[in-house]
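# Working through the structure, step by step
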Amino acid sequence: LVWRYAVDVPFEDEWASFEANQLPSGLSLSGLIAQHNEHRLATTRFLIWLQYHFNGWNLAIHQIINFILYGLTLLAIYCLLASEAPPHVGLAVLCFMVYLLSPINHWNHFMGYQSQIHFWLLFLVLASYFLFRDSDNLFDIPIGTGATILSVYSMAGGVISGLILLVMFGVFTVVRVRAPEVLKRAIFVLGF
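Structure report, in brief. These figures come from a predicted structure and were not determined experimentally. (Residues numbered from 1 in each chain as written. Predicted model: local features only at pLDDT ≥ 70, side-chain atom pairs only at ≥ 80, totals over all residues. Heavy atoms only, no water.)

## Observations regarding the overall build of the chain
The test is simple: Strands here are runs of E lasting at least two residues and helices are runs of H or I lasting at least four, both read from the DSSP assignment and numbered beginning at the N terminus. Burial status follows relative accessibility: with a 1.4 Å probe on protein chains alone, a residue under 20% of its type maximum counts as buried, one over 50% as exposed, and anything between as partly exposed. Whether two residues touch is decided by their heavy atoms; if any such pair falls within 4.5 Å, the residues are in contact. Only the protein chains shown count as covering a residue, and every accessible area follows the Shrake-Rupley method with a 1.4 Å probe.
Tallying secondary structure elements over the chain gives eight helices and two strands in all. Listing each helix as α and each strand as β along the chain from the N terminus yields α-α-β-β-α-α-α-α-α-α. Burial analysis of the chain (192 residues in total) assigns 36% to the buried set. The contacts in the chain between residues at least 6 apart in sequence include a share of 65% that link residues at least 24 apart. Put simply, the chain shows about 11,800 Å² of open surface, and 74% of that area lies on carbon and sulfur atoms.

Shown next, in the form of structure tokens:
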């Protein structure tokens with residue numbers, strides 16, 4: 001339906017993409033991280049800049065890209081749940097996906113500029129996946145950190161969610177590092 005009926009005309013906040021430091025003059029670093037309301041929309045602005053060079057920023061295609069980004073977010077959530085709770089993944093997915101697939105949040109799907117929300121959520125889920133994996137892969141922390149930074153630069157909500165993720169990662173790391181000591185103490189106290 002979006003492919004067939006979407007209109008290639010900017011709507012509300014999308015007109016901000018034609019400010020002096022945005023399109024068509026080119027995207028500078030200051031334009032990439034310029035504040036829009038309370039947000040810094042670097043990922044959305046970069047997507048718009050790429051689209052501008054490929055297809056003149058066709059907003060109908062941008063809306064389709066939004067649906068693809070949202071589909072990738074749902075897939076990332078599924079992979080996160082599947083890796084952490086394999087026996088209960090079906091129930092967990094149903095619990096979360098009912099809300100994520102409802103039409104309540106239609107505004108974020110039918111406006112191209114709202115890709116900021118999809119980027120924020122996608123990078124937040126990816127950061128959670130890589131930071132909290134129980135593996136010794138050398139690249140997990142840099143990938144998780146990069147995804148957190150991209151989440152922060154996708155939308156203002158990324159700042160708060162990134163801080164919460166940072167605190168929880170600190171707690172996770174302390175517990176994981178101290179777990180062998182706690183286990184040894186418990187074994188000693190119990191006399192095993």
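Okay, back to it.
## What about the layout of surface pockets?
Just so we agree on the cut-off: Only protein atoms enter the calculation, which uses a 1 Å grid: trapped sets of points that fit a 1.4 Å probe without letting it out are cavities, open sets showing protein on both sides within 12 Å along at least five of seven lines are pockets, and any residue with an atom within 4 Å of a point is a lining residue. Grid points are joined across faces, edges and corners, and a volume is the space filled by probe spheres set on the points. Any residue that is not Ala, Val, Leu, Ile, Met, Phe, Trp, Tyr, Cys, Pro, Asp, Glu, Lys or Arg is counted as polar, Gly included; the first ten are nonpolar and the last four charged.
What the largest pocket holds in volume is close to 150 Å³. What lines the largest pocket is I77, L80, L81, F96, L100, L121, L124, V125 and S128. Among the secondary structure elements, those contributing two or more residues to the lining of the largest pocket are helix 4 (59–84), helix 5 (89–100) and helix 6 (115–131). Considering every element that reaches the lining of the largest pocket, the biggest residue donor is helix 6, with four residues. Across the lining of the largest pocket, the residue classes break down as eight nonpolar, one polar and no charged.

## Quick look at helix 6
Since the α-helix packs 3.6 residues into each turn, any two residues three or four apart lie on the same face. Let me state the cut-off plainly: Take the residue count of a helix, subtract one, and multiply by 1.5 Å to get its expected span.
Compared with an ideal rise of 1.5 Å per residue, which puts 17 residues at 24 Å, helix 6 spans 24 Å between its outermost C-alpha atoms and is within 8% of the ideal. Here helix 6 lies mainly inside the structure; 13 of its 17 residues are buried.

## Regarding the packing of helix 3 (residues 42–55) against helix 6
Short version of the rule: To define axes, lines are fitted to C-alpha atoms, for helices over the stretch in contact only, and angles between the resulting N-to-C directions are given on a 0 to 180 degree scale. Note on angle classes: values under 35 degrees are labelled roughly parallel, values over 145 roughly antiparallel, values of 65 to 115 roughly perpendicular, and the remainder oblique. The hand of a helix crossing depends on one turn: near helix anticlockwise from the far one by less than a right angle means left-handed, and clockwise means right-handed.
Orientation of helix 3 relative to helix 6, taken along the N-to-C sense of each, is 120°, at an axis distance of 8 Å. In terms of orientation, helix 3 lies oblique with respect to helix 6. Helix 3 and helix 6 meet at a crossing whose hand is right-handed. On helix 6, the residues touching T43, T44 and L47 of helix 3 are S115, Q116, F119 and F123. Taken together, the residues of the contact of helix 3 with helix 6 break down into three nonpolar, four polar and no charged.

## Observations concerning the nonpolar core
As a reminder of what qualifies: In plain words, nonpolar cores are sets of buried Ala, Val, Leu, Ile, Met, Phe, Trp, Tyr and Cys residues tied together by side-chain atoms within 4.5 Å.
I77, M97 and F119 are the most contacted members of the largest nonpolar core, which totals 13 residues. Listing elements by their share of this core, those giving two or more residues are helix 4, helix 5 and helix 6. Among residues more than four places away in sequence, those in contact with I77 are M97, L100 and V125. Within the second largest apolar cluster, six residues are counted, among which are L124, A127, L131 and A147.

## Comments concerning helix 7 (residues 140–152)
Here is the rule we go by: The directions considered for the arc run from the helix axis to the C-beta atoms.
Between the first and last C-alpha of helix 7 there are 18 Å, a value that for 13 residues agrees with the 18 Å anticipated at 1.5 Å per step. Along helix 7, the residues classified as buried are D140, G144, A147, T148 and S151. Each buried residue of helix 7 sits inside an arc of 105° when the element is viewed along its axis, so together they form one side.

## What to know about the side chain of H118
Worth spelling out the cut-off: In the analysis that follows, any N or O atom pair within 3.5 Å is treated as a polar contact, provided that within protein one partner can donate a hydrogen and the other can accept it, and provided that, for residues neighboring in sequence, both atoms belong to side chains.
When you line up the elements, H118 lands in helix 6. Polar side-chain contacts of H118 include one of 3.4 Å to the backbone oxygen of N66.

## Examining the packing of helix 6 against helix 7
Closest axis-to-axis distance for the helix 6/helix 7 pair is 8 Å, and the angle between their directions is 160°. Viewed along their axes, helix 6 and helix 7 adopt a mutual orientation that is roughly antiparallel. When you trace helix 6 past helix 7, the crossing you get is left-handed. Only D140, I141, I143, G144, T145, A147, T148, L150 and S151 of helix 7 make contact with helix 6, whose side of the interface consists of W120, F123, L124, L126, A127, F130 and L131. Of the residues contributing to the contact of helix 6 with helix 7, the split by class is eleven nonpolar, four polar and one charged.

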